[in-house]
Amino acid sequence: MGKKGKEAARERREQRRREVTLLRALPYEPHQRWWDRLAPRAVAVVTGANRGIGFEAARQLALHGLHVVLASRDAAKGQDAAGRILVEAPDDSVVSLESRQLDVADAASVKAFAAWAVETHGGIHVLVNNAGVNFNKGADNSVEFAEQVIKTNYCGTKRMIDAMIPLMKHSPYGARIVNVSSRLGRADGRRNRIGVASLRDQLLNDDRLSEQLIDEMITKFLEQVKQGTWTSNEWPQIYTDYSISKLAVNVYTRLMARRLSDRPEGQKIYINCFCPGWVKTAMTGWEGNISAEEGADTGVWLALLPQEPPTNGKFFAERCEISF
């Protein structure tokens, strides 16, 4: 892409940002607020909620009137985050939230969290899978922590989905799962892609996509990391471990949407993923170009979408559907 093309693309992004800012300022109409018709109050769980995009998603959902559980690996930081939301909430708002310790990379922690959610709330209505890690910044592309990145970003998300689906409360409005992902996880991105055409085609073909295919891709990548042979063009060239973890999240979102699509009315679960953009958070070393408030917006919007028309198995950015 030449200089003019880059400038045009930048202007389109800025124009869309301005449009979304205006949309975000519009209040939900009473007929759109399906969560207000649930009793007791709708429950939303946000993982990695003590800072950044997770904190903002929790804050915005709470201000919209849901009861929000801020789940974070560090219990003290989660409590501090919940306290900040309460203190900073407008005087005329009725905010309901709590914090709970959760490490999505630890199977026992997820199991304990699920048991607590059932005992305390009888289940949940919304799950925002935000918890994630990335150890590369700037021009870095190390895979030193690849196993931890995969374990948290993909396996942790998958573990939470598996644990929370049985807890999703039945309602005529359906439940929601929102996975925080990235454009870097596109199978056929312009700058970052899977280099092997046959694997790329399988990942993009719903009829050929399977959990086994995703897990085999992850296993092959981690084996090549150990062998030091991962630098071929087979894998994305930008933040390789993070990109692959988010690619796995993206395709798993599509896979789960297909599995959940035949649930009967009253038991529907809608699952989607989104890219928050390059956000000024600790994960990016504060080098992003948008705020956490802007970055969380599309995820909150997806969590609150009406059930009709159904939105399921899609990938979004700036409230617009994008390709996988």
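Residues numbered from 1 in each chain as written. Predicted model: local features only at pLDDT ≥ 70, side-chain atom pairs only at ≥ 80, totals over all residues. Heavy atoms only, no water.

## Section: the sheet that holds strand S4 (residues 126-129)
Pairing within the open sheet is mixed, and its eight strands lie in the order S3-S2-S1-S4-S5-S6-S7-S8. Both edges of this open sheet fall to strand S3 (96-101) and strand S8 (320-322), since each of them pairs with a single strand only. The mean angle between the axes of side-by-side strands here comes to 25°, regardless of whether they run parallel or antiparallel. Pairing analysis gives six bridges linking strand S2 (residues 67-72) to S3, with the strands arranged parallel. What sits directly across from His67, in S3, is Ser96. Most of the contacts of helix H5 (residues 146-164) go to S4, to which it runs at about 170°, and overall it touches strand S1 (43-47), S4, strand S5 (175-180) and strand S6 (269-274). Contacts between helix H8 (residues 240-260) and the sheet are confined to S5, S6 and strand S7 (315-317), with S6 contributing the most and set at about 160° to the helix. (Pairing = 2+ DSSP bridges. Helix = DSSP H or I, 4+ residues; strand = E, 2+ residues; numbered from the N terminus. Axes fitted to C-alpha atoms, helices over the stretch in contact; angles between N-to-C directions. Contact = heavy atoms within 4.5 Å.)

## Overview of the side chain of Thr157
As for its placement among the helices and strands, Thr157 is situated in helix H5. Setting aside residues no more than four positions away along its own chain, Thr157 makes contact with Asn129, Thr152, Asn179 and Val249.

## So, the packing of H5 against helix H7 (residues 211-227)
Where H5 contacts H7, the axes come no closer than 11 Å and their chain directions differ by 165°. Regarding the angle of H5 to H7, the classification is roughly antiparallel. Of the two elements, H5 crosses H7, and the hand of that crossing is left-handed. Each of Ala146, Glu147, Ile150, Tyr154 and Lys158 in H5 lies in contact with H7, whose residues at this interface are Glu211, Ile214, Asp215, Ile218, Phe221, Leu222, Val225 and Lys226. Tallied by class, the residues present in the contact of H5 with H7 amount to eight nonpolar, no polar and five charged. (Parallel < 35°, antiparallel > 145°, perpendicular 65-115°, else oblique. Left-handed = near helix turned anticlockwise from the far one by under 90°. Nonpolar A, V, L, I, M, F, W, Y, C, P; charged D, E, K, R; others polar.)

## A word on H7
The end-to-end C-alpha distance of H7 is 24 Å, a good match for the 24 Å that 17 residues give at a rise of 1.5 Å each. Listed in full, the buried residues belonging to H7 are Leu213, Ile214, Met217, Ile218, Phe221, Leu222 and Gln224. Relative to the axis of H7, the buried residues are bounded by an arc of 165° and lie together on one face. Facing away from the buried side of H7 by over 90 degrees, the exposed positions are Gln212, Lys226 and Gln227. Two residues or fewer after H7 comes Gly228, characterised by a positive phi angle close to 75°. (Expected span 1.5 Å × (residues − 1). Buried < 20%, exposed > 50% of the residue type's maximum accessible area, 1.4 Å probe, protein only. Arc of directions from axis to C-beta.)

These values are about where atoms sit, not about what they do.
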